[in-house]
Each structure stands twice: as structure tokens, then as C-alpha cells.
Amino acid sequence: MRLTKFGHAAVRIEHDGTTLVLDPGTWSQRESVDGVDAVLITHEHPDHYDAENLRATDAPIFTIGAVAAQIRESAPDVAERVTVVSPDESWTIGGVGVRAIGELHAVIHPDLPRFHNSGYLLSVGEETVFHPGDAFTVPGVPVDVLLAPVCAPWMRSSEGVDFARAVGAPRNVAIHDRVYSAEGLGVVDMQFGRLLGARGLDYVRLPDGADL
């Protein structure tokens, strides 16, 4: 498996001739979608969904109903490529198994409406990779690599650490890291590295374009 970070929440997975990308939003590099076999989108917020990135590929798009509605409104030219998925639905993309996990975005503020969100659990050869989107939904099965949110308006770093501990993946790769300054990310990296390391869990935040 080759895992490449492409800015903020966008992660590209390549395995055995199959390539897919998750959440290539407005803060992600356009090359994240080059040559992919599928695009998976967790929810409708622009840091996870970008119509121009979808127009840059002819790959099928898998996402939830709220995003499909957004696509029909803002990018009707790609709407015919969209497949709507439901919580706990499973399917395959080439050699990669996918399962939709969860239904709701984390609470941003009690006065704001809850958005829908689907995480994706990927079976990549002998390994599992989990992208939660903007949620702390624990998949309830062993995970080898967690794509762990580290900073957002809807979370504290302590919540991110506790979520990663609850998932218990031996390898944790930071995502959702465009919200803090470089200085703030330095603090977060120290906290995640120290607190997850105390449980024997590895933590890394990859530079954009870097592989795992």
C-alpha cells in the first residue's frame, strides 16, 4: 500500500493497481485526483469537497446524500458519476474494500445544525485504513492506520488524542491540519506524539505530497 497526503484532509491510497482519493477539498492539491479510480467524500464542507477537483477527474464519486445534493447544485456536470452510500454499507473499488462508518459530523456548536458525515474504512490488502471525516465515530473493528484529525473548529486536541486512543491503531497519520499555524501544529504534534506514544501507538504528520 502507498498512502500519500495531499493537503489537509485529502489522502490518496494506491494498492495492487487501484488508486482512490478521499476528501480532495479546496485546501488540497489538484494532483491528488490524477489518474484515480474513485473519489470518496465524507461531507459537504469545502475543505473536504471541491467541485473543480471533481471536474479534474472522470472517476466515479462515492459520497452521502447531502454531498450529492451539493454536487447537483454546484457541479451538475459531474452528478451522473455520483453514487450515494448509506451508513454501514460495504462495496469494493478494484482491489480495495470500503465500508461507510457513521452518519453525523461532530458537534461544532450546540446552536448550529448537525451536518451529515460518513467515515470510510478501507480494506487494503492485509491492512485497514480509517478516514473518519469530521467525526469521532469509532469503527468498532481493528484498524491498522488511522487518519487522525488534529485541529478543527469542532475539536480540542485532547479529544483528538482520546479518539485516536479509542480506535487504537498502531499507526496514526495526521489529517485536518490546515486550521492551526505552524507554531500551533508544533504543539499538537508534540501532544499527539507523546500521548499516543505512551500507549505504544505511532504518530506522524506527513508533509504535503509525502508518502507513508
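Residues numbered from 1 in each chain as written. Predicted model: local features only at pLDDT ≥ 70, side-chain atom pairs only at ≥ 80, totals over all residues. Heavy atoms only, no water.

J.: So what about the environment of L185? Which residues, and what values?
T.: For L185, the position within the fold is in helix α4 (residues 182-197). L185 sits in the buried class, given a relative accessible area of 7%. Taking the C-alpha atoms as reference points, L185 and I64, 121 residues apart in sequence, are found 30 Å from one another. (Helix = DSSP H or I, 4+ residues; strand = E, 2+ residues; numbered from the N terminus. Buried < 20%, exposed > 50% of the residue type's maximum accessible area, 1.4 Å probe, protein only.)

J.: Let's hear about the sheet that holds strand β1 (residues 2-5): which residues, and what values?
T.: Sheet architecture is open: 6 strands sit in the order β1-β2-β3-β4-β5-β6, paired in mixed fashion. Since the sheet does not close on itself, it has two edges, and those belong to β1 and β6 (82-84), each with one partner. Strand-to-strand twist in this sheet, taken as the mean axis angle between neighbours without regard to direction, amounts to 20°. In terms of strand pairing, β1 meets strand β2 (residues 11-15) through 4 bridges, oriented antiparallel. Considered in β2, the bridge of L3 is made with I13. (Pairing = 2+ DSSP bridges. Axes fitted to C-alpha atoms, helices over the stretch in contact; angles between N-to-C directions.)

J.: I'd love a proper account of the nonpolar core, names of residues and values included.
T.: The biggest cluster of nonpolar side chains holds 24 residues, and the ones touching the most others in it are L3, I13, L40 and L122. Looking at this core, the elements with two or more residues in it are β2, β3 (18-22), β4 (38-40), β7 (90-93), β8 (96-101), β9 (119-124), β11 (145-149) and β12 (171-175). Excluding anything up to four places from it in sequence, L3 contacts V11, R12, I13, V129, V145, L147, V173, L206, A210, D211 and L212. Grouped together as the second largest cluster of nonpolar side chains are 20 residues, V150, C151, A174 and L196 included. (Core = buried A, V, L, I, M, F, W, Y, C linked by side-chain atoms within 4.5 Å. Contact = heavy atoms within 4.5 Å.)

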